[in-house]
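A structural walkthrough
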Amino acid sequence: MGEELADSKAMVAVGLTLFSFINYLTRFFVPKCATKTQQQKWKWRNVATSFVHSLITGIWSPLVLYSNPDMCNDLINVWTPATHALVCFSIGYFLYDALDMMIYHRKRSSYELLIHHTMVIVCYSIAVSTHKYIAYGALSLMVEVNSVFLHSRQLFIICGESKATTRYKTNAMFNIGTFLLFRILTLGWMTRWLTVNRDLIPLAFFTTGSIGLAVIVVMNIILFCRIMLVDFSDVIRTASWSGKDNGKPIASPQVSVAPSALHHQNGDAVTNYVESLFEEETKYEKND
(Lines give C-alpha, C1' and ligand atoms only; values in the text may rest on other atoms or scores of the structure.)
Protein backbone atom coordinates (compact mmCIF):
# COMPACT_ATOMS: atom_id res chain seq x y z
CA MET A 1 0.00 0.00 0.00
CA GLY A 2 2.83 2.38 0.86
CA GLU A 3 4.55 1.66 -2.43
CA GLU A 4 1.35 2.32 -4.38
CA LEU A 5 0.85 5.62 -2.53
CA ALA A 6 4.43 6.62 -3.37
CA ASP A 7 3.79 5.80 -7.04
CA SER A 8 0.66 7.94 -6.98
CA LYS A 9 2.52 10.90 -5.49
CA ALA A 10 5.32 10.45 -8.00
CA MET A 11 2.90 10.55 -10.94
CA VAL A 12 1.16 13.62 -9.55
CA ALA A 13 4.59 15.26 -9.23
CA VAL A 14 5.38 14.30 -12.84
CA GLY A 15 2.21 16.01 -14.04
CA LEU A 16 2.82 19.12 -11.94
CA THR A 17 6.47 19.41 -13.03
CA LEU A 18 5.82 18.64 -16.69
CA PHE A 19 3.14 21.26 -17.16
CA SER A 20 5.09 23.85 -15.19
CA PHE A 21 7.98 23.21 -17.58
CA ILE A 22 5.70 23.34 -20.64
CA ASN A 23 4.33 26.66 -19.42
CA TYR A 24 7.88 27.96 -19.08
CA LEU A 25 8.67 26.89 -22.66
CA THR A 26 5.59 28.68 -24.03
CA ARG A 27 7.25 32.04 -23.34
CA PHE A 28 9.43 31.41 -26.39
CA PHE A 29 6.45 30.75 -28.68
CA VAL A 30 3.98 33.52 -27.83
CA PRO A 31 2.76 35.05 -31.14
CA LYS A 32 3.02 38.80 -31.61
CA CYS A 33 -0.77 39.14 -31.62
CA ALA A 34 -0.83 37.96 -27.99
CA THR A 35 1.79 40.34 -26.58
CA LYS A 36 -0.20 43.57 -26.35
CA THR A 37 -0.52 43.30 -22.56
CA GLN A 38 0.99 41.12 -19.86
CA GLN A 39 -2.43 39.66 -19.09
CA GLN A 40 -2.96 38.71 -22.71
CA LYS A 41 0.48 37.12 -22.84
CA TRP A 42 -0.20 35.16 -19.63
CA LYS A 43 -3.58 34.06 -20.96
CA TRP A 44 -2.09 32.71 -24.18
CA ARG A 45 0.63 30.78 -22.33
CA ASN A 46 -1.85 29.35 -19.83
CA VAL A 47 -4.29 28.23 -22.53
CA ALA A 48 -1.49 26.80 -24.69
CA THR A 49 -0.34 24.68 -21.74
CA SER A 50 -3.91 23.53 -21.13
CA PHE A 51 -4.15 22.63 -24.81
CA VAL A 52 -1.19 20.26 -24.40
CA HIS A 53 -2.87 18.58 -21.43
CA SER A 54 -6.10 18.17 -23.39
CA LEU A 55 -4.22 16.69 -26.33
CA ILE A 56 -2.45 14.14 -24.11
CA THR A 57 -5.43 13.10 -21.98
CA GLY A 58 -7.87 13.38 -24.90
CA ILE A 59 -5.92 10.50 -26.48
CA TRP A 60 -4.94 8.68 -23.29
CA SER A 61 -8.43 8.40 -21.79
CA PRO A 62 -10.23 6.81 -24.80
CA LEU A 63 -7.29 4.43 -25.31
CA VAL A 64 -7.29 3.02 -21.76
CA LEU A 65 -11.07 2.64 -21.74
CA TYR A 66 -11.12 1.01 -25.17
CA SER A 67 -8.27 -1.36 -24.39
CA ASN A 68 -9.89 -2.47 -21.11
CA PRO A 69 -13.66 -2.77 -21.71
CA ASP A 70 -14.15 -4.49 -18.33
CA MET A 71 -13.69 -1.10 -16.68
CA CYS A 72 -16.84 0.17 -18.39
CA ASN A 73 -18.80 -2.64 -16.73
CA ASP A 74 -17.41 -1.91 -13.27
CA LEU A 75 -16.37 1.72 -12.77
CA ILE A 76 -15.84 1.18 -9.04
CA ASN A 77 -13.40 -1.69 -8.61
CA VAL A 78 -11.78 -2.42 -11.98
CA TRP A 79 -8.75 -0.37 -13.01
CA THR A 80 -5.35 -0.70 -14.66
CA PRO A 81 -1.95 0.89 -13.92
CA ALA A 82 -2.33 3.05 -17.05
CA THR A 83 -5.72 4.31 -15.86
CA HIS A 84 -4.36 5.03 -12.39
CA ALA A 85 -1.42 6.91 -13.90
CA LEU A 86 -3.78 8.94 -16.10
CA VAL A 87 -5.82 10.17 -13.14
CA CYS A 88 -2.70 10.96 -11.07
CA PHE A 89 -1.14 12.76 -14.03
CA SER A 90 -4.24 14.92 -14.39
CA ILE A 91 -4.22 15.78 -10.69
CA GLY A 92 -0.74 17.16 -11.28
CA TYR A 93 -2.00 19.27 -14.17
CA PHE A 94 -4.94 20.69 -12.20
CA LEU A 95 -2.60 21.54 -9.32
CA TYR A 96 -0.27 23.36 -11.73
CA ASP A 97 -3.15 25.28 -13.35
CA ALA A 98 -4.67 26.25 -10.00
CA LEU A 99 -1.31 27.57 -8.76
CA ASP A 100 -0.73 29.44 -12.01
CA MET A 101 -4.08 31.22 -11.70
CA MET A 102 -3.71 31.98 -7.99
CA ILE A 103 -0.29 33.57 -8.55
CA TYR A 104 -0.78 35.42 -11.82
CA HIS A 105 -4.50 35.83 -12.53
CA ARG A 106 -6.80 36.62 -9.62
CA LYS A 107 -9.89 37.54 -11.60
CA ARG A 108 -13.50 36.40 -11.93
CA SER A 109 -12.82 33.73 -14.52
CA SER A 110 -10.03 32.30 -12.37
CA TYR A 111 -12.26 31.97 -9.31
CA GLU A 112 -14.79 30.03 -11.37
CA LEU A 113 -12.09 27.67 -12.63
CA LEU A 114 -10.55 27.30 -9.17
CA ILE A 115 -13.88 25.97 -7.90
CA HIS A 116 -13.88 23.48 -10.77
CA HIS A 117 -10.25 22.46 -10.18
CA THR A 118 -10.79 22.04 -6.43
CA MET A 119 -13.73 19.69 -6.96
CA VAL A 120 -11.82 17.67 -9.57
CA ILE A 121 -8.70 17.37 -7.40
CA VAL A 122 -10.74 16.24 -4.37
CA CYS A 123 -12.69 13.63 -6.35
CA TYR A 124 -9.61 12.31 -8.18
CA SER A 125 -7.61 12.18 -4.95
CA ILE A 126 -10.30 10.03 -3.33
CA ALA A 127 -10.13 7.69 -6.33
CA VAL A 128 -6.35 7.24 -6.39
CA SER A 129 -6.02 6.95 -2.61
CA THR A 130 -8.77 4.33 -2.22
CA HIS A 131 -8.15 2.59 -5.58
CA LYS A 132 -11.86 2.83 -6.31
CA TYR A 133 -13.71 4.87 -8.95
CA ILE A 134 -10.47 5.22 -10.94
CA ALA A 135 -12.24 4.09 -14.12
CA TYR A 136 -14.98 6.64 -13.34
CA GLY A 137 -12.31 9.34 -13.13
CA ALA A 138 -10.78 8.19 -16.42
CA LEU A 139 -14.22 8.34 -18.02
CA SER A 140 -14.65 11.93 -16.86
CA LEU A 141 -11.42 12.82 -18.67
CA MET A 142 -13.15 12.02 -21.97
CA VAL A 143 -14.27 15.65 -21.85
CA GLU A 144 -10.70 16.57 -22.75
CA VAL A 145 -11.44 15.49 -26.33
CA ASN A 146 -13.67 18.56 -26.54
CA SER A 147 -11.15 20.67 -24.62
CA VAL A 148 -8.74 20.39 -27.56
CA PHE A 149 -11.16 22.46 -29.68
CA LEU A 150 -12.25 24.58 -26.72
CA HIS A 151 -8.66 25.70 -26.06
CA SER A 152 -8.02 26.21 -29.78
CA ARG A 153 -11.02 28.54 -29.78
CA GLN A 154 -9.61 30.48 -26.83
CA LEU A 155 -6.26 30.88 -28.59
CA PHE A 156 -8.05 32.21 -31.67
CA ILE A 157 -9.98 34.74 -29.58
CA ILE A 158 -6.90 35.89 -27.67
CA CYS A 159 -5.17 36.63 -30.99
CA GLY A 160 -8.20 38.42 -32.41
CA GLU A 161 -9.01 35.81 -35.05
CA SER A 162 -12.04 36.78 -37.13
CA LYS A 163 -15.13 34.62 -36.76
CA ALA A 164 -15.45 34.71 -40.53
CA THR A 165 -12.25 32.74 -41.21
CA THR A 166 -12.54 29.14 -42.33
CA ARG A 167 -10.37 27.75 -39.56
CA TYR A 168 -12.38 29.55 -36.86
CA LYS A 169 -15.68 28.30 -38.32
CA THR A 170 -14.34 24.77 -38.67
CA ASN A 171 -13.07 24.73 -35.10
CA ALA A 172 -16.39 26.18 -33.89
CA MET A 173 -18.33 23.34 -35.50
CA PHE A 174 -16.02 20.66 -34.08
CA ASN A 175 -16.16 22.43 -30.71
CA ILE A 176 -19.95 22.35 -30.52
CA GLY A 177 -20.15 18.77 -31.82
CA THR A 178 -17.59 17.39 -29.37
CA PHE A 179 -19.05 19.54 -26.58
CA LEU A 180 -22.41 17.81 -26.94
CA LEU A 181 -20.88 14.35 -27.33
CA PHE A 182 -17.96 14.39 -24.90
CA ARG A 183 -19.24 16.87 -22.31
CA ILE A 184 -23.01 17.03 -22.17
CA LEU A 185 -23.69 13.36 -22.96
CA THR A 186 -20.73 12.07 -20.94
CA LEU A 187 -21.57 14.15 -17.88
CA GLY A 188 -25.25 13.22 -18.23
CA TRP A 189 -24.36 9.52 -18.33
CA MET A 190 -22.05 9.93 -15.32
CA THR A 191 -24.88 11.61 -13.38
CA ARG A 192 -27.23 8.76 -14.24
CA TRP A 193 -24.62 6.16 -13.23
CA LEU A 194 -24.05 7.88 -9.89
CA THR A 195 -27.79 7.89 -9.20
CA VAL A 196 -28.37 4.27 -10.25
CA ASN A 197 -25.42 2.98 -8.19
CA ARG A 198 -25.93 5.15 -5.11
CA ASP A 199 -26.52 2.07 -2.91
CA LEU A 200 -23.05 0.75 -3.80
CA ILE A 201 -21.25 3.97 -2.88
CA PRO A 202 -20.49 5.11 0.71
CA LEU A 203 -22.52 8.18 1.68
CA ALA A 204 -19.44 10.41 2.06
CA PHE A 205 -18.13 9.50 -1.40
CA PHE A 206 -21.59 9.77 -2.96
CA THR A 207 -22.11 13.23 -1.45
CA THR A 208 -18.70 14.47 -2.56
CA GLY A 209 -19.12 13.06 -6.06
CA SER A 210 -22.65 14.42 -6.42
CA ILE A 211 -21.66 17.95 -5.35
CA GLY A 212 -18.58 17.92 -7.57
CA LEU A 213 -20.49 16.63 -10.58
CA ALA A 214 -23.34 19.10 -10.03
CA VAL A 215 -20.91 22.04 -9.95
CA ILE A 216 -19.16 20.83 -13.11
CA VAL A 217 -22.45 20.23 -14.95
CA VAL A 218 -23.73 23.74 -14.14
CA MET A 219 -20.44 25.31 -15.21
CA ASN A 220 -20.52 23.39 -18.49
CA ILE A 221 -24.08 24.49 -19.25
CA ILE A 222 -23.05 28.11 -18.67
CA LEU A 223 -19.97 27.59 -20.84
CA PHE A 224 -22.09 26.10 -23.62
CA CYS A 225 -24.39 29.14 -23.56
CA ARG A 226 -21.39 31.48 -23.74
CA ILE A 227 -19.97 29.61 -26.73
CA MET A 228 -23.30 29.66 -28.55
CA LEU A 229 -23.67 33.37 -27.82
CA VAL A 230 -20.27 34.24 -29.28
CA ASP A 231 -19.67 31.73 -32.06
CA PHE A 232 -23.22 31.41 -33.32
CA SER A 233 -24.46 34.94 -32.68
CA ASP A 234 -25.56 35.24 -36.34
CA VAL A 235 -27.88 32.25 -35.91
CA ILE A 236 -29.23 33.67 -32.64
CA ARG A 237 -29.65 37.07 -34.26
CA THR A 238 -31.62 35.58 -37.14
CA ALA A 239 -33.82 33.59 -34.79
CA SER A 240 -34.48 36.70 -32.69
CA TRP A 241 -36.43 38.45 -35.46
CA SER A 242 -39.89 38.27 -33.92
CA GLY A 243 -41.41 40.68 -36.43
CA LYS A 244 -41.83 38.03 -39.12
CA ASP A 245 -43.22 34.52 -39.36
CA ASN A 246 -42.63 32.67 -42.62
CA GLY A 247 -42.06 35.95 -44.33
CA LYS A 248 -45.31 37.51 -43.06
CA PRO A 249 -45.60 40.29 -40.46
CA ILE A 250 -46.95 39.25 -37.05
CA ALA A 251 -49.80 41.41 -35.79
CA SER A 252 -50.57 41.72 -32.10
CA PRO A 253 -53.99 40.30 -31.17
CA GLN A 254 -54.57 43.14 -28.71
CA VAL A 255 -53.01 46.21 -30.29
CA SER A 256 -52.86 47.08 -33.96
CA VAL A 257 -49.27 47.92 -34.77
CA ALA A 258 -47.78 48.69 -38.15
CA PRO A 259 -45.38 45.99 -39.38
CA SER A 260 -42.50 48.45 -39.60
CA ALA A 261 -43.10 49.62 -36.04
CA LEU A 262 -43.33 46.06 -34.80
CA HIS A 263 -40.06 45.25 -36.55
CA HIS A 264 -38.40 48.29 -35.02
CA GLN A 265 -39.70 47.64 -31.52
CA ASN A 266 -39.04 43.90 -31.40
CA GLY A 267 -36.51 42.88 -34.04
CA ASP A 268 -34.06 45.74 -33.57
CA ALA A 269 -34.29 45.67 -29.80
CA VAL A 270 -33.57 41.96 -29.56
CA THR A 271 -30.86 42.13 -32.20
CA ASN A 272 -29.13 45.05 -30.49
CA TYR A 273 -29.29 43.19 -27.19
CA VAL A 274 -27.74 40.07 -28.72
CA GLU A 275 -25.03 42.17 -30.38
CA SER A 276 -24.23 43.93 -27.11
CA LEU A 277 -23.94 40.58 -25.34
CA PHE A 278 -21.71 39.28 -28.12
CA GLU A 279 -19.38 42.29 -27.90
CA GLU A 280 -19.23 42.07 -24.09
CA GLU A 281 -18.58 38.30 -24.07
CA THR A 282 -15.92 38.52 -26.79
CA LYS A 283 -14.13 41.31 -24.92
CA TYR A 284 -14.36 39.29 -21.70
CA GLU A 285 -12.90 36.14 -23.27
CA LYS A 286 -10.12 38.06 -24.99
CA ASN A 287 -8.90 40.10 -22.08
CA ASP A 288 -9.93 38.39 -18.84
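Placed above this text is the structure.
Residues numbered from 1 in each chain as written. Predicted model: local features only at pLDDT ≥ 70, side-chain atom pairs only at ≥ 80, totals over all residues. Heavy atoms only, no water.

**Details of the overall build of the chain**
Keep this limit in mind: Only runs of H or I of at least four residues qualify as helices and only runs of E of at least two qualify as strands under DSSP, and these elements are numbered from the N terminus. Partly exposed describes any residue whose relative accessible area lies between the buried limit of under 20% and the exposed limit of over 50%, with all areas from a 1.4 Å probe on protein chains only and scaled to the type maximum. Two residues qualify as a contact provided that any one of their heavy atoms is within 4.5 Å of a heavy atom in the partner residue. Areas reported here follow the Shrake-Rupley algorithm with a probe of radius 1.4 Å; residue values treat only the protein chains shown as occluding.
A tally of regular secondary structure across the chain gives 11 helices and two strands. Reading the helices (α) and strands (β) of the chain from amino to carboxyl end gives α-α-α-α-α-α-α-α-α-α-β-β-α. Taking all 288 residues of the chain together, the buried fraction comes to 43%. Of the contacts made within the chain by residues no fewer than 6 positions apart, 77% connect residues no fewer than 24 positions apart. Carbon and sulfur atoms form 66% of the exposed surface of the chain, whose accessible area is close to 15400 Å².

**Some details on the pattern of salt bridges**
Any two side chains of opposite charge can pair if their charged atoms end up close together. The cut-off we apply is this: Every case where a carboxyl oxygen of Asp or Glu lies within 4 Å of a side-chain nitrogen of Lys or Arg is listed as a salt bridge.
On inspection of all chains with the given rule, the structure shows three salt bridges. For Arg226, the salt bridge identified is with Glu112, shortest N-O distance 3.6 Å. You can see Arg226 sitting in helix H9 (residues 203-231) and its partner Glu112 sitting in helix H5 (residues 108-130), a full 114 residues away along the chain. Glu112 gets classed as partly exposed once you look at its relative accessible area, which sits at 27%. Between Arg167 and Glu161 there is a salt bridge; the shortest N-O distance is 2.9 Å. Taking relative accessible area as the criterion, Arg167 reaches 53% and is therefore assigned exposed.

**Here's the deal with the side chain of Asn146**
Quick note on the threshold: Polar contact is the term for a pair of N or O atoms within 3.5 Å; when the atoms are in protein, one must be able to donate a hydrogen and the other to accept it, and sequence-neighboring residues count only if both atoms are side-chain atoms.
Looking at the element boundaries, Asn146 is found in helix H7 (residues 144-158). According to the relative accessible area criterion, Asn146 is buried, its value standing at 0%. A polar side-chain atom of Asn146 sits 2.9 Å from a polar atom in the side chain of Thr178. Beyond its immediate chain neighbours, meaning those up to four positions away, Asn146 contacts Asn175, Thr178, Phe179, Phe182 and Arg183.

**Describing the packing of aromatic side chains**
How we decide: In this analysis, rings of Phe, Tyr and Trp, with Trp reduced to its six-membered ring, are considered paired at centre separations within 6.5 Å, and the interplanar angle assigns stacked below 30 degrees, edge-to-face beyond 60, and tilted for intermediate values.
With the rule as written, the count across this model stands at 12 aromatic pairs. Relative to Tyr124, the ring of Phe94 lies with its centre 6.4 Å away and its plane at 65°, an arrangement referred to as edge-to-face. Remark: Tyr124 occurs in helix H5 and Phe94 occurs in helix H4 (residues 81-104); sequence separation between them is 30 residues. Take Phe94 and Tyr124: they sit in the same class, and that class is buried.

**A word on unusual backbone geometry**
One non-glycine residue, His131, lies in the positive phi region at around 60°. Structurally, the position occupied by His131 is in the loop between H5 and helix H6 (134-140). Looking at His131, the relative accessible area reads 12%, which means it is buried. Here the phi dihedral of Tyr133 falls at roughly 65°; this positive angle occurs in a residue that is not glycine.

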